[in-house]
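# Fold and geometry: a report
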Amino acid sequence: MMKKIILFGASKLGELAFKQLKKQFEIVGFIDNDPNKQGSLFLDKEVFGIEVLKSIKDSQIIISSLYDVEIVKQLTDYGVMKFGVFELISENYFIKYYDYSEFSTFEIIQGKVCLLIENNSGSNTLALSKNRDPEIERKIEIVTIDKSQKSHNYYFDILTSEVILTTHDFRCNDNQINIQLWHGIPLKGLSYMSHYENQNTEANHLAWSKFDHIISSSQTYSTLLNACYGIDGNKYEVLGMPRNDMLFNQYVCKENLNRLFKREFGGKRILFYLPTFRGTIYGEKNGFLTSENDLFEDENLMRLNAFLKKNNIILITKPHPQEEREVIELSNIFFVKEKQLAGEKLDLYEILGAADVLITDYSSVYFDYLLLDRPIIFYTPDYDEYVNERGLLLEPFDFWAPGEKCRSPEQLQECIHRVFKNDNFTRARKQISNIMHRYRDNQSSRRVWRFIGNILN
């Protein structure tokens, strides 16, 4: 006889959970907070409201929603202290179980500050954790939570913190101070400004409206985010992005790079290739790279490696966390993975400062790299498809992307030759950098910590 479960979350993630778990469990139905879904059928299963928790006796709750923290708060308020969470990482899934019967209260602890770390790819919260202000730290309790390695106390620590700092979408508790640091200056369209068809833009607007403060790099950044989410402009605090503090010491970044790969890269010119993702597990599409243009295809990698070897150049590349894959081993191309960074307790930005040149596409990383005033190459073979499917906030692209442009692996090699011979975009980089960054120093973490200290006082 199969164990009975109820999935909390009748959405895309709930559908994925249903497909993965239906052979292991008897799925009684779904719970969802959307009143429009309650009383209807989802995947031929009834959708209940939260009130059904009062009558459940023999079924366990498995959370199948991106709003897991909000749901755990509801569960504990209803006295449900044992539950599971459906976790989906790339194409792998598992259920992590929690038992909070030992906790008598989930009341907020004054002075407790929680840093939520989503990944090691330019994380503002990881930067804050590493660059703490000693004066502020003496007065508060700081809890650092790595979402990729959730401890048993994961939800307890979040729900009992007075201040929550996050870098991704998050459903806020009104009783806490919620601070959004986000994870990049947006070039791609988000929410209201995205071309995605199946987004609940009003739900996004409501969720972002509950943030008490949003950390910004400039008035331009604040305007771009507000075009996407439409919230009170007074919530933006222009303090700079803590992750950028890690870029400025090139010597330390090179030492970190040597440590990461356990070899010396001295005397080599260093390129970084950091592309954004092209698709998500929820079916959203952002352009498409053909086998001829995808630099991660074996034939392209081998040709590029031969070119790099001939010119005494090293390429460090990190696929987007959603698109990591196994690749062939090469002499002059080195792949960075999330687990590798986490194992060395490093953030991507702690090695990015070693790059002499950045190659990217539509990733927000180039806005931050502008602070170093080094050449950038934009490799965008699927530009037309990307703009049509996702949309860009800033156009024309030629103006907002101050660097060489190329659309094929052959053109990329030509661009690499050019940037090492002549840097023709110094003035253009400075112009965009001044628009996007009020501060051009390594003191953003300090400003944010002082801001938090003032809030708590």
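Structure's up top.
Rules used throughout
- Residues numbered from 1 in each chain as written.
- Predicted model: local features only at pLDDT ≥ 70, side-chain atom pairs only at ≥ 80, totals over all residues.
- Heavy atoms only, no water.
- Core = buried A, V, L, I, M, F, W, Y, C linked by side-chain atoms within 4.5 Å.
- Buried < 20%, exposed > 50% of the residue type's maximum accessible area, 1.4 Å probe, protein only.
- Contact = heavy atoms within 4.5 Å.
- Helix = DSSP H or I, 4+ residues; strand = E, 2+ residues; numbered from the N terminus.
- Phe/Tyr/Trp six-rings, centres within 6.5 Å; stacked < 30°, edge-to-face > 60°.
- Pairing = 2+ DSSP bridges.
- Axes fitted to C-alpha atoms, helices over the stretch in contact; angles between N-to-C directions.
- Right-handed = clockwise from strand over helix to strand, strands pointing away.

Let us now look at the nonpolar core. With 91 residues, the main nonpolar core has Phe83, Phe272, Ile316 and Leu352 as its most contacted residues. If near-sequence neighbours (up to four positions away) are discounted, Phe83 is found in contact with Gln60, Ile61, Ile63, Val72, Leu75, Lys96, Tyr97, Tyr98, Tyr100 and Tyr155.

Glancing now at unusual backbone geometry. Put simply, Glu395 and Pro396 share a cis peptide bond, and its omega is 5°. Mapped onto the fold, Pro396 is located in the loop between α13 (383-389) and α14 (397-400). The backbone phi angle of Asp44 is positive, close to 65°, even though this residue is not glycine. Position of Asp44 relative to the elements: it lies in the loop between β3 (41-42) and β4 (45-48). A positive phi angle, near 55°, is found at Lys262, a position not held by glycine.

The next thing to look at is the packing of aromatic side chains. For the coordinates displayed, the defined rule picks out 30 aromatic pairs. Ring centres of Phe83 and Tyr98 lie 5.6 Å apart, and the angle between their planes is 25°; on these two criteria the pair is classed as stacked. Of this pair, Phe83 sits in strand β6 (residues 82-89) while Tyr98 is found in strand β7 (residues 92-99), placing the two residues 15 residues apart along the sequence. With a relative accessible area of 0%, Phe83 lands in the buried category. Given the relative accessible area of 3%, Tyr98 is considered buried. With a centroid separation of 4.0 Å and 10° between ring planes, the pair formed by Phe103 and Phe156 is classed as stacked. Taken together, the residues Phe103 in the loop between β7 and β8 (109-117) and Phe156 in helix α5 (residues 154-159) connect sequence positions 53 residues apart. Grouping residues by exposure puts Phe103 and Phe156 together as buried. Pairwise contacts between aromatic rings join Phe83, Tyr98, Tyr100, Phe103, Phe106, Tyr154, Tyr155 and Phe156 into one cluster.

Taken together, the 6 strands give an open sheet; going across it, the order is β16-β15-β14-β17-β18-β19, and neighbouring strands pair in parallel fashion. Each of the sheet's edge strands pairs with one partner strand only, and the pair in question is β16 (333-335) and β19 (404-406). Here the strands of the sheet are splayed against their neighbours by 20° on average, with no regard to which way each runs. Strand direction decides the pairing type here: strand β15 (residues 313-317) and β16, joined by 3 bridges, are parallel.

Burial analysis of strand β2 (residues 25-31) places 5 of its 7 residues in the buried class, which makes it a mostly covered element. For strand β1 (residues 3-8) and β2, the ladder comprises 6 bridges, and the chain directions are parallel. Following the sheet pairing, Ile6 is matched in β2 by Gly29. With helix α1 (residues 12-21) bridging β1 and the parallel β2, this β-α-β connection has right-handed handedness.

Here we come to the pairing of strand β17 (residues 357-360). Walk down a regular strand and you will see the side chains alternate between the two sheet faces. Burial of β17 is two-sided: the residues Val357 and Ile359 facing one way and the residues Leu358 and Thr360 facing the other way are all buried. In this structure, strand β14 (residues 269-274) lies alongside β17, joined through 4 bridges in parallel fashion. Looking across to β17, one finds that Tyr273 is bridged to Ile359. With 3 bridges joining them, β17 and strand β18 (residues 376-379) adopt parallel strand pairing. In the strand pairing of β18, Ile359 is matched with Ile377.

One open sheet accounts for 7 strands, arranged β3-β4-β2-β1-β5-β6-β7; its pairing is mixed. Among the strands making up the open sheet, the edge pair consists of β3 and β7. Here β6 pairs with β7 via 8 bridges, running antiparallel. The partner of Phe83 across the bridge, within β7, is Tyr98. The sheet contacts of α1 involve β1, β2, β3, β4, β6 and β7, and relative to β6 the element is tilted by about 95°. In the packing of helix α2 (residues 68-77) onto the sheet, the strands contacted are β1, β5 (60-63) and β6, and the crossing angle to β5 comes to about 155°.

These figures capture arrangement, not role.
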